[in-house]
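Remarks on the overall topology
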Amino acid sequence: MTVKTLTLHGRRIRLHEHLPPAGDGDEAVVLLHGIAGSAETWAPVLARCAALGRRVLAPDLPGHGESEAPRADYGLGAMASTVRDVLAVSGVRHATVVGHSLGGGIALQFAYQFPETCDRLVLVGSAGLGPEVSPVLRAAALPGAPATMALAVNRVTLALARAAARLGRRFGGSLKPETRELARHFGSLADPARRRAFLFIARSLIDLRGQRASAVDKLYLAEAVPVLLVWGARDPLIPVAHGRRTAALLPDSRLTVLENVKHFPHVADPDRFCALLNEFLSETAPARLTLDDVVTRLTTPKSPL
């Protein structure tokens, strides 16, 4: 595993990359994290990716992790374009795009903007597939959200939380992997630039009624793309009903619901997740769409969703 820094349009992008042994695997896999996350969320998968036999790339998206957090456009279209640029400068022309949460929304946007590059889609507790989301995420649309968040999550409160966690471990307590991952996500918001990026993204996609951004009306364009959906049965942030509805709209897709798992299936059960991903990669052929294929789908009458 290598970690390097790319410079795209004058801004830093941190990239984690696994290269398989020479001659193993012709296809790349790109892993996209969720809002307030980073490539670190994929650490359990990256540790097991040798079994995939493919090149694997996991970038820190702009405004996240160790990538630069400028005052810039953090919309889905801009994020999808960044992913395309990361792949392009890395010499990748075709990839299976794996997206968790916000990363799933970006993956859907990527497939829409760059269909000729998207071999397959893997959507993990994905955004962009229905309006219902946690009240915690909807609260980001409230007028006082920036000030409230700055008071609740900052370097002082983060230090206190870490001290409490150390004390708990001293007395034999421990947090479950998903709880630790969620805490790490929220802890990243102590940084003002990353907090600003979080608020921009949340407010561009979510209002008090839920998610505004939706790929549901464009899912028919992905009918020729192999799709794997992985969801936690107890996901409190984005309900599993979104995955079930998407599977119904894409009859050739695969849906796996993991019991006793919440919003981070790849963290809660990385062995099962990697087995599902490897099976999906092995048993499906890449889409390899052309512009003519897209035009055909756009101009073919479709049934209303």
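Here we summarise the structure given alongside this text. Since this is a predicted model, take the numbers as computed values, not measurements.

**Description of the environment of Asp119**
- Secondary-structure assignment places Asp119 in strand β6 (residues 118-124).
- The sequence separation of Asp119 and Pro265 amounts to 146 residues, and the corresponding C-alpha distance is 22 Å.
- Excluding residues within four positions of it along the chain, Asp119 makes contact with Glu27, His94, Ala95, Thr96, Val225, Pro226, Pro286, Ala287 and Arg288.

**Observations concerning the sheet that holds strand β3 (residues 28-32)**
- Pairing is mixed in the open sheet, where 8 strands are placed in the order β1-β2-β4-β3-β5-β6-β9-β10. Of all the strands in the sheet, the pair left with one neighbour each is β1 (2-8) and β10 (254-258). Across the sheet, the mean angle from the axis of one strand to that of its neighbour is 20°, orientation sign disregarded.
- Here 5 bridges tie β3 to strand β5 (residues 95-100), and the two strands are oriented parallel to one another. Paired with Leu32 across the bridge in β5 is Gly99.
- Contacts from helix α9 (residues 241-249) reach β9 (227-232) and β10 within the one sheet, and its direction differs from that of β9 by about 160°.
- Each of β3, β5, β6, β9 and β10 is contacted by helix α11 (residues 270-283), which is oriented at about 170° to β10, the strand it contacts most.

**Regarding the packing of aromatic side chains**
- Evaluation of the coordinates by the stated rule reveals 3 aromatic pairs.
- Their ring planes at 55° and their centres at 5.4 Å tell us that Phe110 and Phe114 sit as a pair that is tilted.
- Taking relative accessible area as the criterion, Phe110 reaches 0% and is therefore assigned buried.
- When the ring centre of Tyr112 is taken as reference, the NZ or CZ atom of Lys218 above it lies at 5.5 Å.

Rules used throughout
- Residues numbered from 1 in each chain as written.
- Predicted model: local features only at pLDDT ≥ 70, side-chain atom pairs only at ≥ 80, totals over all residues.
- Heavy atoms only, no water.
- Helix = DSSP H or I, 4+ residues; strand = E, 2+ residues; numbered from the N terminus.
- Contact = heavy atoms within 4.5 Å.
- Pairing = 2+ DSSP bridges.
- Axes fitted to C-alpha atoms, helices over the stretch in contact; angles between N-to-C directions.
- Phe/Tyr/Trp six-rings, centres within 6.5 Å; stacked < 30°, edge-to-face > 60°.
- Buried < 20%, exposed > 50% of the residue type's maximum accessible area, 1.4 Å probe, protein only.
- Lys NZ or Arg CZ within 6 Å of the ring centre and 35° of its normal.

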